[in-house]
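Take a look at the letters that make up each chain.
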Amino acid sequence: MPFVSVRDLQMYYEIRGTGQRLLSISGTGEDLQRSPTIFDSPLAPHFEILAYDQRGLGQTSKPDIPYTIPDYAADADSLLNAVGWESAHVIGISFGGMVAQELALRYPHRVKRLVLACTSSGGAGRSSYPLHELVNLPIEEVARRQITVTDTRWKEEAWLSSRTTQFQELVKLTLAASQEGANEPSR
């Protein structure tokens, strides 16, 4: 298992594949212990991929301090240094897209091309979904909201009323997925 000391972290990472170098920055709650990962994607046969667990996630350490987007970007920059990559194509997914944008702004020499997937620019008036609103909700309501955020058709009454059974099945699948690894301390 490859770990490296990066800034104030013991960071877990994996490098697999051949081809042009691609740094993958994952989203909130994603780590390399849970499939599917970037290595299971259609990109895998075409790139040498560097993926890692961001601070506080998966097998990377979790400092008991507040984190900022610049901290996450500096982590990615330091990881690139640690593995000897001068630059790479970068894909940022969800929260990882915000980190990737910060990486591109602060360390432009690192980023050959930038792909942003299901993300936003963050900042005042542009933040991602307000996750803090979900903290005290019943788990089934959290699942319902996740579904309606990822596919807004479920918010339309006509769409939902003709597909209530499908919606309930999606809620069950979302609940089951949320319980994967729930007993792990880092979750």
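Look up: the structure comes first, before these words.
What comes next concerns the included structure. (Residues numbered from 1 in each chain as written. Predicted model: local features only at pLDDT ≥ 70, side-chain atom pairs only at ≥ 80, totals over all residues. Heavy atoms only, no water.)

The six strands lie next to each other as S1-S2-S4-S3-S5-S6, forming an open sheet whose pairing is mixed. The outermost strands of the open sheet, each flanked by one partner alone, are strand S1 (3–6) and strand S6 (111–117). The average angle at which neighbouring strand axes cross in this sheet is 25°, direction not considered. Sheet topology places strand S5 (residues 88–93) next to S6; five bridges connect them, and they run parallel. (Pairing = 2+ DSSP bridges. Helix = DSSP H or I, 4+ residues; strand = E, 2+ residues; numbered from the N terminus. Axes fitted to C-alpha atoms, helices over the stretch in contact; angles between N-to-C directions.)

Before going further, it helps to spend a moment on the packing of aromatic side chains. Evaluated as defined, the whole model comprises five aromatic pairs. Ring plane angle 45° and centroid distance 5.3 Å describe the contact between Trp154 and Phe167, whose orientation is recorded as tilted. Here Trp154 is found in the loop between helix H3 (139–150) and helix H4 (157–161), whereas its partner Phe167 is found in helix H5 (residues 164–179), with 13 residues between them in sequence. The two residues Trp154 and Phe167 agree in class, both being buried. An aromatic cluster is defined as three or more aromatic residues linked by ring pairs; in this entry it consists of Tyr67, Tyr72 and Phe95. We note Arg16 situated over the ring of Phe39; from NZ or CZ to the ring centre the distance is 4.1 Å. Just above the ring of Trp159 sits the side chain of Arg163; from NZ or CZ to the centre is 3.4 Å. (Phe/Tyr/Trp six-rings, centres within 6.5 Å; stacked < 30°, edge-to-face > 60°. Buried < 20%, exposed > 50% of the residue type's maximum accessible area, 1.4 Å probe, protein only. Lys NZ or Arg CZ within 6 Å of the ring centre and 35° of its normal.)

The next subject is the packing of helix H1 (residues 69–83) against helix H2 (residues 95–106). For the pair H1 and H2, interaxial distance at closest approach is 8 Å and the crossing angle is 70°. Taken together, the axes of H1 and H2 are roughly perpendicular relative to one another. Touching Ile69, Pro70, Tyr72, Ala73, Ala76 and Asp77 of H1 are Phe95, Met98, Val99, Glu102, Leu103 and Arg106, all from H2. Looking at the contact of H1 with H2, its residues break down into nine nonpolar, no polar and three charged. (Parallel < 35°, antiparallel > 145°, perpendicular 65-115°, else oblique. Contact = heavy atoms within 4.5 Å. Nonpolar A, V, L, I, M, F, W, Y, C, P; charged D, E, K, R; others polar.)

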